[in-house]
Amino acid sequence: MVLFGLLLLPILPLLLYFIVRPRPLNIPIKNRHVFITGGSMGIGLAIAKQAAEEGARISLLARSLDHLEKAKQSIWEAYKVEVSTFPADVRDYDAVEHAINRAGPIDVLVVNHGVYYFEELEKQGVDVVKAMIDVNLMGSFNVIKAALPSMNKDRKHKGPASIALMSSMAGQVGTYGFAAYSATKYGLRGLAEALQQEVIGNNIHVSVIFPPVTETPGIEQARKTMPEITKTILDSTVEMTAEEVAKVTIKGIKSGSFSIPCRLDGRALAMATAGLSPQRSFLMASIEVVFAGLFRFVGLLFQWNWYRIIEKNNSSRKNRSPEVSGD
């Protein structure tokens, strides 16, 4: 088997050239309509500013009109770009459809909205689980379904379009306290893989972004109530800024990348979990094929560290628990 792999290595790039699908391409941002959900703050606002800097026309959708107006003003002050704002709840399909129809044909759709509550599933309320599913997953279906008719119309004469979904590294690997949240983010990848096959014929290209923990107002609030084990695991990683994630996101969208990891450890995780996801890059496809076993080993090292943290915490809790004795 090793000998076969060595013999295959010299012809691998040529072989992948013929079988890698979809093919490489470039998706322009300048002078195009970029529509961003969850765009009033955090990563969404940072993406809007990055796209505005590159000359895009911006539309933002979020629930809070006040936050939208502040975002609109901040983009205008920085880039002198007009921004259209649409207050709507992604859980309400009719409201989303109305907003998208008012916004006009979209070239780049960034499905960025999301909520998260980190807690052990046994303790987490069913209403909280349902809220995450309704916003993160069903909300994404609502936005994409509402946007597809106008994105598909006359697309072949408008150039390539993009649908980018903001997942998370929690959509690649499960983490303690993330059961419901991870389920919604894993779901986005399945949605993206199937959707890419459906829309490729109309020159629409799907991307999934996998950021790590990011410095946003939401994560700071979540830290106050998340389990101690979750805090310990997250503290072992380095956060990114929203601006850093935005730059990687726009770059990935422009290259039509299906999987957009946000830093080196994210890229290793993307390779370890590539599965049957599309891969446009011949180079990255070659690396994934040749080093799949190595990245699986790296993944096992991460798992070893996380389970070591969990075991240590569980042991500590047992030692602190008072003994119960009967007379």
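Below or above, wherever it landed, is the structure these notes cover. This one's a predicted model, so the numbers in the text were calculated from it and none came from an experiment.

**A closer look at the layout of surface pockets**
Logical step 1: Each pocket or cavity is described by its volume, and for the second largest pocket that value is around 600 Å³.
Logical step 2: For the second largest pocket, the lining is made up of 28 residues, of which S257, S259, I260, P261 and R267 are closest to its centre.
Logical step 3: Elements that contribute at least two residues to the lining of the second largest pocket include exactly α10 (242-254), β9 (259-261), α11 (264-272) and α12 (282-320).
Logical step 4: A breakdown of the residues in the lining of the second largest pocket according to their chemical character gives 13 nonpolar, nine polar and six charged.

**Focus: the side chain of S277**
Logical step 1: By secondary structure assignment, the location of S277 is in the loop between α11 and α12.
Logical step 2: On the basis of relative accessibility, which here comes to 18%, the residue S277 falls in the buried class.
Logical step 3: A distance of 2.5 Å separates the side chain of S277 from the side chain of E193, its partner in a polar contact.
Logical step 4: The contact partners of S277, leaving out residues within four places of it in the chain, are R189, E193 and F258.

**Some details on the pattern of salt bridges**
Logical step 1: Across all of its chains, the model carries ten salt bridges by this definition.
Logical step 2: Among the salt bridges present, the one from K130 reaches D134, with a minimum N-O distance of 2.8 Å. In this pair, K130 and D134 both sit in helix α6 (residues 126-152), four residues apart, roughly one turn of the helix.
Logical step 3: With relative accessibility at 21%, the residue D134 sits in the partly exposed group.
Logical step 4: Several salt bridges share partner residues, and in doing so they unite R223, D235 and E239 into one network.

**Topic: the packing of aromatic side chains**
Logical step 1: Under the counting rule described, the total for this entry stands at seven aromatic pairs.
Logical step 2: Ring centres of Y116 and Y181 lie 5.8 Å apart, and the angle between their planes is 80 degrees; on these two criteria the pair is classed as edge-to-face. In this pair, Y116 is assigned in the loop between β4 (108-111) and α6 and Y181 in helix α7 (residues 179-199), connecting sequence segments 65 residues apart.
Logical step 3: Residue class for Y116 comes out partly exposed when judged on its relative accessible area of 23%.
Logical step 4: With a relative accessible area of 8%, Y181 lands in the buried category.
Logical step 5: Consider the rings of F118 and F178, whose centres lie 4.1 Å apart with planes at 15 degrees: the pair is stacked. With a gap of 60 residues between them, F118 in the loop between β4 and α6 and F178 in the loop between β5 (161-166) and α7 connect regions that are remote in the sequence. For the residue pair F118 and F178, the accessibility class agrees, reading buried in each case.
Logical step 6: Three or more aromatic residues link up through ring pairs in this structure, and these residues are Y116, F118, F178 and Y181.

Criteria and cut-off values
Residues numbered from 1 in each chain as written. Predicted model: local features only at pLDDT ≥ 70, side-chain atom pairs only at ≥ 80, totals over all residues. Heavy atoms only, no water. 1 Å grid on protein atoms, 1.4 Å probe; cavity = no way out; pocket = protein on both sides within 12 Å on 5 of 7 lines; lining within 4 Å. Points joined across faces, edges and corners; volume = space filled by probe spheres on them. Helix = DSSP H or I, 4+ residues; strand = E, 2+ residues; numbered from the N terminus. Nonpolar A, V, L, I, M, F, W, Y, C, P; charged D, E, K, R; others polar. Buried < 20%, exposed > 50% of the residue type's maximum accessible area, 1.4 Å probe, protein only. Polar contact = N/O pair within 3.5 Å; in protein donor to acceptor, adjacent residues only side chain to side chain. Contact = heavy atoms within 4.5 Å. Salt bridge = Lys/Arg side-chain N within 4 Å of Asp/Glu carboxyl O. Phe/Tyr/Trp six-rings, centres within 6.5 Å; stacked < 30°, edge-to-face > 60°.

Shape descriptors only; they carry no functional weight alone.
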